[in-house]
Amino acid sequence: MLSKSHVSHLECSKCRKSYDQDQLNQLCSCGAPLLVRYDLKNVAGAVTKKDVASRPSSLWRYKELLPVKGEGHIVTLGEGMTPLVPLPRIGRRLGLKNLLMKDEGTIPTGTFKARGAAVGVSRAKELGVRELAMPTNGNAGGAWALYCARAGIKCFIVMPEDAPAIPRNECALSGAELYLVRGLISDAGKIIGKAVKRHGWYDASTLKEPYRIEGKKTMGFEIAEQLDWEVPDVILYPTGGGVGIIGIYKGLRELQEMGWIGEKMPRLVAVQATGCAPIVKAWEEKKAESEFWQNSTTIAFGINVPKALGDFLVLEAITKTHGCAVTVGDDEILRAQSSLASEEGAYVCPEGAATLSAAIRLLKDGWIKADERVVLLNTGTGLKYPETVNIKVRSLHPDEDLPV
Ligand SMILES: Cc1ncc(COP(=O)(O)O)c(C=O)c1O
Ligand SMILES: [Zn+2]
């Protein structure tokens, strides 16, 4: 059964050209990403906060603000409504009264990439896609491969040889056709770009289709709902391709237009690694776009993206919210990962840990104030990164006593 769609059209994020939402679309003819636009007045008339609160605990509770029309096309593994957990010990140690973490470690496939995959794959299925392809740094590929398996869509994936091993397994077991490249995600993107042209596949690369971002914006909806429709003062986000931070900004703007949240926006912070910081560099140089970052490297593999197609949208989101962009070193990331585990019991991915390092830095600089409500976005579980933690554990003979 078809439910009423509130999508009005697709709109180019640069030249504003409009596209039909019922056609398969990729980028605008000008080369920029397309964004889904809704008739937000209609949505505000069709659903209330109370309706949303009474629905199941998944991102589909915001269905009027999502692009999938037929509920039968929804491909779901139960993603969304992840916890917003307080970090009282670290907060106390740092002198931050209200430090919270949106924890995407509990979502299917272990990272927030499940949100983009759930909505992106559902809409692709609805539009009749049978085959799609994408480059990935790992987690997006793992998520899309699994959701595609559930949807019956054939999936072609290329990822860097150095990407973490677990997403490789996700791709392989789900039946996706997986290739590794001796290079970066940008090299994987070039290979996919050629293959897509040759075979006519749907290109599911970051921001080359309009629906992945729709899944990711639900992180913004959830943070607002979980704070009783008040936004925090600051949200820190580990930024690679930028879809998450662009999505959170888009989602919050939609809630504002519907009158569900007030004028206040959280200051959005793009966190990057010192070894790969094109957006921070552009931000510092007050540029509207970034330049390709040569020889990029970081242990936070998901944010090792030397040039993002949506860089100008990330820069717009942080500028318009009076946010900023900061770098953190791999050593700081490892320290933050360890303190989140030992002080708060949270085993987070290095990308998520980077947001704590950034918060520490911004607090020291006085950019974050002690009484502000600060949300760290942990994009995934540390369990997906067994290679990041190097520990030595003493092995005992069965007859030995514990040496303590
Ligand atoms: C765990 C994790 N965090 C953050 C990111 C960066 O995501 P975005 O494209 O939203 O900037 C990725 C991307 O691969 C990731 O896997
Ligand atoms: Zn355009």
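As a starting point, this report considers the structure included with it. What you are looking at is a predicted structure, and each value in this text was computed from that prediction instead of being measured. (Residues numbered from 1 in each chain as written. Chains lettered and ligands numbered in written order. Predicted model: local features only at pLDDT ≥ 70, side-chain atom pairs only at ≥ 80, totals over all residues. Heavy atoms only, no water.)

## Re the overall build of the protein chain
Thought 1: Of the regular secondary structure elements, the protein chain holds 14 helices and 13 strands.
Thought 2: In summary, the protein chain has a C-alpha radius of gyration of 21 Å against a globular reference of 22 Å for 404 residues, a match within 12%.
Thought 3: In terms of its C-alpha atoms, the protein chain occupies a principal-axis envelope of roughly 65 × 45 × 45 Å.
Thought 4: Counting all 404 residues of the protein chain, 59% fall into the buried class.
Thought 5: Long-range pairs, those at least 24 residues apart, make up 70% of the contacts in the protein chain between residues at least 6 apart in sequence.
Thought 6: Carbon and sulfur atoms make up 52% of the accessible area of the protein chain, which amounts to about 16900 Å² in all.
Thought 7: Counting 51 positive and 47 negative side-chain charges, the protein chain places the centres of these two groups 3 Å from one another. (Helix = DSSP H or I, 4+ residues; strand = E, 2+ residues; numbered from the N terminus. Rg over C-alpha atoms; globule rule 2.2 N^0.38 Å. Buried < 20%, exposed > 50% of the residue type's maximum accessible area, 1.4 Å probe, protein only. Contact = heavy atoms within 4.5 Å. Areas by Shrake-Rupley, 256 points an atom, 1.4 Å probe, with all protein chains shown as cover. Lys, Arg positive; Asp, Glu negative; His and termini not counted. Charge placed at Lys NZ, Arg CZ, Asp CG, Glu CD.)

## A closer look at the environment of leucine 84
Thought 1: Along the chain, leucine 84 falls in strand β4 (residues 84-86).
Thought 2: Linking leucine 84 and glutamate 225, residues 141 residues apart in sequence, is a C-alpha distance of 10 Å.
Thought 3: Non-local contacts of leucine 84, meaning those with residues more than four positions away in its chain, are made with Leu100, Met101, Lys102, Ile223, Gln226, Leu227 and Val375.

## What about the packing of aromatic side chains?
Thought 1: By the definition in use, this model includes four aromatic pairs.
Thought 2: Consider the rings of phenylalanine 112 and tyrosine 237, whose centres lie 6.0 Å apart with planes at 80 degrees: the pair is edge-to-face. Of this pair, phenylalanine 112 sits in the loop between β5 (98-103) and α4 (113-126) while tyrosine 237 sits in strand β10 (residues 234-238), placing them 125 residues apart in sequence.
Thought 3: Relative to tryptophan 260, the ring of tryptophan 229 lies with its centre 5.2 Å away and its plane at 80 degrees, an arrangement referred to as edge-to-face. Here tryptophan 260 lies in the loop between α10 (243-258) and β11 (267-273) and tryptophan 229 lies in the loop between α9 (218-226) and β10, a separation of 31 residues in the sequence.
Thought 4: Judged by relative accessible area, tryptophan 260 falls into the buried class, the value being 9%.
Thought 5: Over the ring of phenylalanine 156 we find lysine 154; its NZ or CZ atom is 5.6 Å from the centre of that ring.
Thought 6: The ring of tryptophan 367 is capped by arginine 267, whose NZ or CZ atom sits 4.4 Å from the centre of that ring. (Phe/Tyr/Trp six-rings, centres within 6.5 Å; stacked < 30°, edge-to-face > 60°. Lys NZ or Arg CZ within 6 Å of the ring centre and 35° of its normal.)

## Here we look at the pairing of strand β12 (residues 324-328)
Thought 1: Taken across its five residues, β12 has five buried, putting it largely inside the fold.
Thought 2: Judged by which residues are buried, β12 turns out to be covered on both faces: Cys324, Val326 and Val328 on one side and Ala325 and Thr327 on the other are all buried.
Thought 3: In terms of strand pairing, β11 meets β12 through five bridges, oriented parallel. Bridge pairing in β12 places valine 271 opposite valine 326. (Pairing = 2+ DSSP bridges.)

## Thoughts on the sheet that holds strand β3 (residues 34-38)
Thought 1: A sheet is described by the order of its strands in space; here three strands give the open sequence β2-β1-β3, paired in antiparallel fashion. Sheet topology places β2 (18-19) and β3 at the edges, where each strand pairs with a single neighbour.
Thought 2: Looking at chain direction, strand β1 (residues 7-12) and β2 are connected through two bridges and run antiparallel. By the bridge assignment for β2, glutamate 11 is matched with serine 18.

## Let's talk about the coordination of the zinc ion (ligand 2)
Thought 1: Note on the zinc ion (ligand 2): its protein donors are Cys12 (SG), Cys15 (SG), Cys28 (SG) and Cys30 (SG). The metal-donor distances range over 2.3 Å.
Thought 2: Taken in chain order, the donor set of the zinc ion (ligand 2) reads C-x2-C-x12-C-x1-C. Taken as a pair, cysteine 15 in the loop between β1 and β2 and cysteine 30 in the loop between β2 and β3 lie far apart in primary sequence, 15 residues in all.
Thought 3: Here cysteine 15 falls in the partly exposed class, since its relative accessible area comes to 41%.
Thought 4: For cysteine 30, a relative accessible area of 42% corresponds to the partly exposed category. (Donors = N, O, S within 2.8 Å, 3.2 Å for Na, K, Ca; no water.)

## Some points on a nonpolar patch on the surface
Thought 1: Side chains of Tyr347, Leu383, Val389, Ile391 and Val393 sit close together on the surface and give an oily, nonpolar patch of about 520 Å² of accessible area.
Thought 2: Note that tyrosine 347 resides in the loop between α13 (330-344) and α14 (350-364).
Thought 3: On the basis of relative accessibility, which here comes to 38%, the residue tyrosine 347 falls in the partly exposed class. (Patch = residues over 30% accessible without salt bridge, like charges linked within 9 Å, V, L, I, M, F, W, Y side chains within 5 Å. Salt bridge = Lys/Arg side-chain N within 4 Å of Asp/Glu carboxyl O.)

## A few points about the nonpolar core
Thought 1: Within the largest apolar cluster, 91 residues are counted, with the highest numbers of intra-cluster contacts made by Leu132 and Leu255.
Thought 2: What leucine 255 contacts, discounting residues up to four positions off in sequence, is Leu65, Phe221, Ala224, Trp229, Trp260 and Ile261.
Thought 3: In this structure, Leu236, Ala336, Ala358 and Leu376 belong to the second largest nonpolar core, which totals 30 residues. (Core = buried A, V, L, I, M, F, W, Y, C linked by side-chain atoms within 4.5 Å.)

## Observations concerning the site of ligand 1
Thought 1: Contacts to ligand 1 come from 18 residues, most closely from Asn139, Gly240, Gly242, Gly244 and Thr379.
Thought 2: The separation between an oxygen atom of ligand 1 and a polar main-chain atom of glycine 241 is 3.3 Å.
Thought 3: Glycine 242 is positioned such that a nitrogen or oxygen atom in its backbone is 2.7 Å from an oxygen atom of ligand 1.
Thought 4: Protein burial of ligand 1: of its 400 Å² of free accessible surface, 97% is covered by the chains.
Thought 5: For the shell around ligand 1, a count of residues per class yields seven nonpolar, eight polar and three charged. (Near = heavy atom within 4 Å. Polar contact = N/O pair within 3.5 Å; in protein donor to acceptor, adjacent residues only side chain to side chain. Nonpolar A, V, L, I, M, F, W, Y, C, P; charged D, E, K, R; others polar.)

## Here's the deal with unusual backbone geometry
Thought 1: Unusually for a residue other than glycine, methionine 81 sits at a positive phi of about 50 degrees.
Thought 2: As for its placement among the helices and strands, methionine 81 is situated in the loop between α2 (49-53) and β4.
Thought 3: Notably, leucine 207 is not glycine yet its phi reads approximately 70 degrees, a positive angle.
Thought 4: Within the element layout of this structure, leucine 207 appears in the loop between β9 (202-203) and α8 (212-216).

By themselves, these figures tell us nothing about what the structure is for.
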